[in-house]
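Chain by chain, the residues:
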Amino acid sequence: MKLSGWGRFPQADCEVFRPGDEAAVRARVLSGATVIARGAGRAYGDAALNPEATLLSDRLDRILAFDPKTGVMIAEAGVMLSDIVELWTPRGWFPPVTPGTRFVTLGGMVASDVHGKNHHAHGAFSRHVEWLDLMLADGSVVRCSPAKDAELFWATCGGMGLTGFILRLAFRMTPIESPWIRQTTFRAESLAETLHLFEAHQASTYSVSWIDCLARGARQGRSLVYLGEHATAAEAPGRAPPKPRPRRLPVDLPGIALNPLSVSLFNELYYRRGKPGVAFTPIEPYFYPLDSILDWNRAYGARGFMQHQGVIPKPAASAALKTMLSLISAHGVCSPLAVLKLLGPEAGPLSFPMEGYTLAVDFPVSEASLVLMRELDAVVVDHGGRIYLTKDARTARSSLTGYRLDAFAEVRDRVDPDRRFRSLQSERLGL
Amino acid sequence: MTPRQGSVLILGARSDIGRAIAAAFAREGRPILLAARNAAALEADATDLGLRYGVSASTVECDVLSADPAAFFEALPELPAVVVSVVGYMGDQTVSERDPKAAEVVIASNFTGPALLLGEAAERMAGAGGGAIIGVSSVAGDRGRRSNYVYGSAKAGLTAFLSGLRHRFAGTNVFVMTVKPGFVNTRMTEGMKLPGPLTAQPAEVAEAIVRGLRKGREVIYVRPVWRVIMTIIRCLPEPVFKKMKV
């Protein structure tokens, strides 16, 4: 079956399996073929592609327990975050960390060690996981946690499925008083202003910015910065928030839809449209603006797109970001979707976040884009930063200097010496 | 008259379609009873339904090949308002052709077993407060064809049985629905190359059933195109049909 990541590039013909229970997973793991787990397929590149055997977790989708006193949920790895958000928000509970789309699985969230708009305050998803059950290459199942088999736990969080098949996990939800977000919007007219706003508002629970990556000169790095808090019961609007009604993109847009003129025009309008001030917004538009169009990845056409996401440590961030934004605006062809965010530190050997700024930008698949992305890699790496594997479809091993690859390899040597668990990405990067 | 509330019993609850139907009815706030072989292994599914939708969900052992319909329903804590059979087993046509015992299992799994259980349920519903019988049959039963007629004929039997039940209980408070899903993306069809536009997801089948029950629709083809396809297939004269490679 032809599979790809969210960017629809690259594509690979994969043998797909959909195990319904632990025994079925074991049968696949011990079958002789190499394997990789696949959740909702929202990694952008080839992290969840293995032509020999790709194991979908969609049948392992049972919620096993929930303790309303502690907020701890135990669930199989195939449970969708979107179901948890839909069913538990009205009950006063929210995921401790949520990525920019809710259409991901819990297992995927662990394997990518996802970060959210609250990373600077609350860390990545792994910080809120109590334990996880992992099936290893020999078919045995190990329960690991920060207190037990900690090395394996931290290698699995962000480990892109390469330590084993995540079967189930326990994690802590966050209590909320209302299903509304108190959003504060700022318009920043330059990169310096944007960075200053992040520094000044580190006490804000949630923060993120939409950045105009085509703006030049004095306007380079201009952005709309969105801060957020879960609204208290007292301040929240009394009514229930409207239910999200996502739409579909019925066709692949033609390649010329996103060109330098249309994108800079969009950016100009979007920047002006941002209303500084405070407003109450429901959960979905604040956390998942793109989920409102279910298959927005078709906007880039059939050839697909790639995302570049790197993080630069704070001291070097301003200079590095200026260089990257100049490279992007000179190139001219990107998407209007560009995000800048302040992140905090993470400890795992393959965990992406570091205390610094992350910039995420989409590019259509083309030779010119590949060249540009290599240049962006160089800027990130030269300034001591990292490239996010969950978004990656084309980087090289030489760009992974920011990770503790030796520590990761040690764990792999112990639990998967024959490298039964592998993906097209791990092959490409020699992980 | 279709029951607006009351519990739902699902025979064949382990299957992909069975799980989707359980979720769809649980979402409506109905208590759910999951019936299958080795029912203990469905406890996690029952717990999941309770946690997600706040409904009471439990399991009961049922092997359609050996169940005594009267004893089975007698042993239930109460008569459900809705009884769904999604039990289905395609088997292997070439094996069924060679081995009568294998063919018997296909026929019993798809026709005899479910039909007798649904019939018993209907009898009891007629004597009590009414209810709904939902049988998941198949388009394969609309006309026997060379590639799967052992399975197809068993489904044809189920379809006729449901039609007879519907006729018998017409005008009463027992509602009988026949569901013909067409191709569905499930474990039963794993490995088959199914054409995209004709293939439904289990959740679609479940939605069609819940909506159909609400509207009192008696015969459902989940994707409407299948009604057109099967009408044509049924109308083809024998000399023409015999030449087709289906």
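Summary of the structure given here. What you are looking at is a predicted structure, and each value in this text was computed from that prediction instead of being measured.

For chain A, the helix and strand inventory stands at 12 helices and 20 strands. For chain A, whose C-alpha radius of gyration is 21 Å, the value lies close to the compact-globule estimate of 22 Å for 431 residues. Considered along the principal axes of its C-alpha atoms, chain A spans approximately 60 × 55 × 45 Å. Burial analysis of chain A (431 residues in total) assigns 59% to the buried set. At a minimum sequence separation of 6, the contacts of chain A that also span at least 24 residues come to 75%. Of the roughly 16600 Å² that chain A leaves accessible, carbon and sulfur atoms contribute 57%.

By size, the foremost hydrophobic cluster in this structure holds 105 residues, and its most contacted members are Phe-125 and Leu-169 of chain A together with Phe-25 and Ile-32 of chain B. Broken down by element, this core gets its largest block of residues, seven residues, from helix 1 (residues 16-27) of chain B. Look past the residues within four positions of Leu-169 of chain A in its chain and what remains in contact with it is Met-73, Ile-74, Ala-75, Ala-77, Leu-106, Val-110, Phe-125, Val-129, Trp-131 and Leu-132 of chain A. Formed by 32 residues, the second largest nonpolar core is a distinct cluster that contains Ile-328, Leu-342, Met-373 and Ile-387 of chain A.

Another aspect to go through is the sheet that holds strand 9 (residues 129-135) of chain A. All names here are of chain A. One open sheet accounts for five strands, arranged 6-7-11-9-10; its pairing is antiparallel. Strands with a single pairing partner mark the edges of an open sheet, and in this sheet they are strand 6 (63-67) and strand 10 (141-144). On average, adjacent strands in this sheet sit at an angle of 10° to one another, irrespective of strand direction. As paired strands, strand 9 and strand 11 (residues 165-172) are joined by six bridges and run antiparallel to one another. Residue Trp-131 lies in a different strand from strand 11, and its bridge partner there is Ala-170.

This part takes up the pairing of strand 14 (residues 206-211) of chain A. All names here are of chain A. Counting buried positions over the six residues of strand 14 gives six, a clear majority of the element. Taking every second residue as pointing to the same face, both faces of strand 14 are buried, with Tyr-206, Val-208 and Trp-210 on one and Ser-207, Ser-209 and Ile-211 on the other. One ladder, built from two bridges, connects strand 14 with strand 18 (residues 338-343); its direction is antiparallel. Paired with Ser-209 across the bridge in strand 18 is Leu-340.

Residues and elements named next belong to chain A. Spatially, eight strands are ordered 16-13-15-14-18-19-17-20 in an open sheet, and the strand pairing comes out antiparallel. If you trace the sheet from one side to the other, it starts and ends with strand 16 (277-282) and strand 20 (386-387), each paired once. Both strand 13 (residues 180-188) and strand 16 contribute to a ladder of six bridges, which runs antiparallel. Note that in strand 16 the partner of Arg-182 across the bridge is Phe-280. On top of the sheet, helix 7 (residues 260-273) reaches strand 13, strand 14 and strand 15 (223-230); it is set at about 45° to strand 15, its chief contact.

Residue and element names in this part refer to chain A. As enumerated under the stated definition, the model contains 18 aromatic pairs over all chains in all. Measuring from centroid to centroid gives 4.9 Å for Phe-153 and Trp-154, while their planes differ by 85°, and the two rings are edge-to-face. Under the relative-accessibility criterion, Phe-153 is labelled buried at 0%. Among the aromatic residues, ring-to-ring pairing joins Phe-94, Tyr-206, Tyr-286, Phe-287 and Tyr-288 into one connected group.

All names here are of chain B. Positive charge collects at one region of the surface, where Arg-211, Lys-215, Arg-217 and Arg-227 lie side by side. Assignment of secondary structure puts Arg-227 in helix 8 (residues 225-235). The partly exposed category is assigned to Arg-227, whose relative accessible area is 36%.

Evaluated as defined, the whole model comprises 41 salt bridges over all chains. Here Arg-52 of chain B ties to Asp-83 of chain A by a salt bridge, and the two come within 2.8 Å at their closest N and O atoms. Residue Arg-52 of chain B is located in helix 2 (residues 43-53), and its partner Asp-83 of chain A is located in helix 2 (residues 81-88); the two belong to separate chains. Judged by relative accessible area, Arg-52 of chain B falls into the buried class, the value being 7%. Under the relative-accessibility criterion, Asp-83 of chain A is labelled partly exposed at 22%. Salt-bridge contacts for Glu-268 of chain A lead to Arg-222 of chain A; the nearest nitrogen and oxygen are separated by 2.9 Å. Of this pair, Glu-268 of chain A sits in helix 7 while Arg-222 of chain A sits in the loop between strand 14 and strand 15, placing them 46 residues apart in sequence. Salt bridges linked by common partners bring Glu-22, Arg-26, Asp-133, Arg-143 and Arg-168 of chain A together as one network.

Let us now look at the interface of chain A and chain B. In many analyses, interface size is given as the accessible surface area lost on bringing the parts together. On the chain B side, the residues contacting the 15 residues of chain A number 14 residues. Three residues stand out in chain A for area buried against chain B, namely Arg-59, Arg-62 and Ile-63 of chain A, and they jointly supply 43% of the buried area on that side. Counting the contacts that link chain A with chain B gives 10 residue pairs in polar contact (both at pLDDT 80 or more). At the level of elements, strand 6 and helix 2 of chain A are the ones that each hand at least two residues to the side of chain A that touches chain B. Each residue belonging to the side of chain A that touches chain B can be placed in one class, and the counts come to seven nonpolar, one polar and seven charged.

All names here are of chain A. Applying the stated criterion across every chain yields a total of one cavity of 30 Å³ or more. Around the largest cavity, the lining residues are Ser-112, Asp-113, Gly-158, Met-160, Leu-350, Ser-351, Phe-352, Tyr-388, Leu-389, Thr-390 and Tyr-403. For the lining of the largest cavity, the per-class residue count stands at six nonpolar, four polar and one charged.

It is worth spelling out the packing of helix 5 (residues 100-127) of chain B against helix 6 (residues 149-168) of chain B at this point. Residue and element names in this part refer to chain B. Where helix 5 contacts helix 6, the axes come no closer than 8 Å and their chain directions differ by 10°. Between helix 5 and helix 6, the crossing angle belongs to the class labelled roughly parallel. Contact residues: helix 5 offers Ala-103, Val-106, Ile-107, Asn-110, Phe-111, Pro-114, Ala-115, Leu-118, Gly-119, Ala-122 and Glu-123, while helix 6 offers Val-150, Tyr-151, Ala-154, Lys-155, Gly-157, Leu-158, Phe-161, Leu-162, Leu-165 and Arg-168. Its residues assigned to classes, the contact of helix 5 with helix 6 shows 15 nonpolar, three polar and three charged.

Rules behind the numbers
Residue numbering note: each chain is counted from 1, following its sequence as written. A letter from A marks each chain and a number from 1 marks each ligand, given out in the order of writing. Per-residue local features are limited, in this predicted model, to residues with pLDDT of at least 70; the limit for side-chain atom pairs, both in listing and counting, is 80 or more; totals at the level of whole chains, interfaces and linings are taken over all residues. Where side-chain values are given, they derive from all heavy atoms of the structure, hydrogens and water being excluded. Secondary structure elements are taken from DSSP: a helix is a run of H or I of four residues or more, a strand is a run of E of two residues or more, and numbering for both begins at the N terminus. Atoms considered for the radius of gyration are the C-alpha atoms alone. The globule rule reads 2.2 Å times the number of residues to the power 0.38. Three exposure classes are used, based on accessible area relative to the maximum for each residue type with a 1.4 Å probe and protein chains only: buried under 20%, partly exposed in between, and exposed over 50%. Residues are treated as being in contact if the distance between any of their heavy atoms lies within 4.5 Å. Under the convention used here, a 1.4 Å probe and the Shrake-Rupley method define accessible areas, while residue burial counts only the protein chains that appear. We call a set of buried residues a nonpolar core when its members are Ala, Val, Leu, Ile, Met, Phe, Trp, Tyr or Cys and they connect through side-chain atoms within 4.5 Å of each other. Should DSSP find at least two bridges between two strands, the strands are taken to pair. Interaxial angles span 0 to 180 degrees and are taken between N-to-C directions of axes, which are lines fitted to C-alpha atoms, for helices over the stretch in contact. Here a Phe, Tyr or Trp ring, Trp counted by its six-membered ring, pairs with any other such ring whose centre lies within 6.5 Å, and the pair is stacked when the planes are under 30 degrees apart, edge-to-face when over 60, and tilted otherwise. Nonpolar side chains (Val, Leu, Ile, Met, Phe, Trp, Tyr) are joined into patches within 5 Å and like charges within 9 Å, using only residues with over 30% relative accessible area and no salt bridge. Salt bridge, as applied in this entry: a Lys or Arg side-chain nitrogen positioned within 4 Å of an Asp or Glu carboxyl oxygen. His is not counted, nor are the chain ends, whereas Lys and Arg count as positive and Asp and Glu as negative. Lys charges are placed at NZ, Arg charges at CZ, Asp charges at CG and Glu charges at CD. Note: buried area is the sum, over both parts, of the accessible area (probe 1.4 Å) each one loses when the two are combined. Polar contacts, as counted here, are pairs of nitrogen or oxygen atoms within 3.5 Å of one another; within protein the pair requires one atom able to donate a hydrogen and one able to accept it, and residues that are adjacent in sequence qualify only if both atoms are side-chain atoms. Under the scheme applied here, ten amino acids are nonpolar (Ala, Val, Leu, Ile, Met, Phe, Trp, Tyr, Cys and Pro), four are charged (Asp, Glu, Lys and Arg), and all others, including Gly, are polar. With a 1 Å grid spanning the protein atoms alone, the term cavity applies to any set of points in which a 1.4 Å probe fits but cannot get out, the term pocket to an open set with protein on both sides within 12 Å along at least five of seven lines, and the term lining residue to any residue with an atom within 4 Å of a point. Grid points are joined across faces, edges and corners, and a volume is the space filled by probe spheres set on the points. Throughout, the term roughly parallel applies to angles under 35 degrees, roughly antiparallel to angles over 145, roughly perpendicular to angles from 65 to 115, and oblique to all others.

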